[in-house]
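# Summary of the model geometry
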Amino acid sequence: MNNNILLLTPSSNELPDVNNLKAQLKEIDFIAEPFQFDSKEHFKPGEELMFHLTFLGCSPVVSLGEPGKTGKEFCHIEFYGPFDEKQFISGKNVKPLRCPVCGHRETNWQPIIEAWKRDRTLWHCPSCENDISLEQLRWNKSAGFGRFFIKVWGIFENEAVPSDKLLATLKASTESKWDYFYYRGDAF
Ligand SMILES: [Zn+2]
């Protein structure tokens, strides 16, 4: 089954104080009380969640209903990390690689990503012969790197973007701004 998740992550290597961040997000009603989901701690959406995400379509598919009553695709929030090393998160929606040097478009990119996840193998561009780190690539919000993530489950790709207020709250928890991207695929 495909899960649709909006991920938020600090743009630098910096990590937030997670307990303080949770308190801040509760304060602005982005998250509500915790519950167990697949034996992990998740949070129910706060009452103001719909104001902290700007939905781009006219009728969002997101469900704020009770877990179990509205199917699996309901909105809930999970804190993922912190990790010692940078993680690369990419799902089925990841866009083809494009070489930042020569613009070569790689259509068979999944094995390259798997190799990078396994042992940080650089991508050798067959066109310009440069060795490229995946961190140098632009993923167009279809994948991302980070050591800490907030996962907003139940948000479809490009369906909603974080509001300025949410991004400001996140930025206040670190010295750097936060980025976001979308994931579609198996639960993780
Ligand atoms: Zn190239």
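Model, not experiment: these values are computed from the prediction.

This part is about the overall build of the chain. When you go through the chain residue by residue, the secondary structure sums to four helices and 14 strands. Here the C-alpha atoms of the chain give a radius of gyration of 17 Å, agreeing with the 16 Å that 2.2 N^0.38 yields for 188 residues. Counting only C-alpha atoms, the chain reaches 50 × 35 × 35 Å along its principal axes.

The amide bond that connects G81 to the next residue, P82, takes the cis arrangement and shows omega of 0°. With respect to the helices and strands, the residue P82 is situated in the loop between β5 (76-80) and β6 (87-90). The residue E129 is not glycine, and still its phi comes out positive at about 70°. The residue E129 is located in the loop between β9 (123-124) and β10 (131-132) in this model. One non-glycine residue, N158, adopts positive backbone phi at about 60°. Mapped onto the fold, N158 is located in the loop between β12 (149-153) and β13 (160-162).

Before going further, it helps to spend a moment on the confidence of the model for the chain. Interpreting fine coordinate detail is not advised for predicted regions of low pLDDT. With 91% of its residues at a pLDDT of 70 or more, the chain shows a mean pLDDT of 90. Every residue in residues 67-71 is under pLDDT 50, and counting partners more than four places away or in other chains gives six contacts.

Our next topic: the environment of R118. Structurally, R118 can be placed in helix α3 (residues 110-119). Taking the C-beta count within 10 Å as the criterion, R118 has 8 such neighbours and is therefore assigned exposed. C-alpha of R118 to C-alpha of C102: the two residues are 16 residues apart in sequence and 26 Å apart in space.

This paragraph deals with the nonpolar core. Ranked by size, the top nonpolar core spans 31 residues in total, and within it I5, L6, L7, L8 and V152 carry the most contacts. Among the elements of the structure, β1 (3-10), α1 (18-27), β5, β12, α4 (164-172) and β14 (178-185) are those that each provide at least two residues to this core. Filtering out sequence-adjacent residues up to four positions away, V152 remains in contact with I5, L6, C75 and I77.

With that out of the way, let us pick up the environment of L170. By secondary structure assignment, the location of L170 is in helix α4. Since 24 C-beta atoms lie within 10 Å of it, L170 is described here as buried. When the C-alpha positions of L170 and T9 are compared, they lie 8.9 Å apart, and in sequence the two are 161 residues distant. Those residues in contact with L170, other than ones at most four positions away along the chain, are L8 and W178.

The next subject is the environment of P162. Among the secondary structure elements, P162 is positioned in strand β13. On the basis of neighbour count, P162 is assigned to the buried category, with 22 C-beta atoms found within 10 Å. In this view, P162 contacts L8, H52, L53, L167 and Y180; residues no more than four positions away in its chain are not counted.

Basis of the calculations
Residues numbered from 1 in each chain as written. Predicted model: local features only at pLDDT ≥ 70, side-chain atom pairs only at ≥ 80, totals over all residues. Helix = DSSP H or I, 4+ residues; strand = E, 2+ residues; numbered from the N terminus. Rg over C-alpha atoms; globule rule 2.2 N^0.38 Å. pLDDT = per-residue confidence, 0-100. Contact = placed C-beta atoms within 7 Å. Buried ≥ 20, exposed ≤ 12 C-beta atoms within 10 Å, placed from the backbone. Core = buried A, V, L, I, M, F, W, Y, C linked by C-beta atoms within 7 Å.

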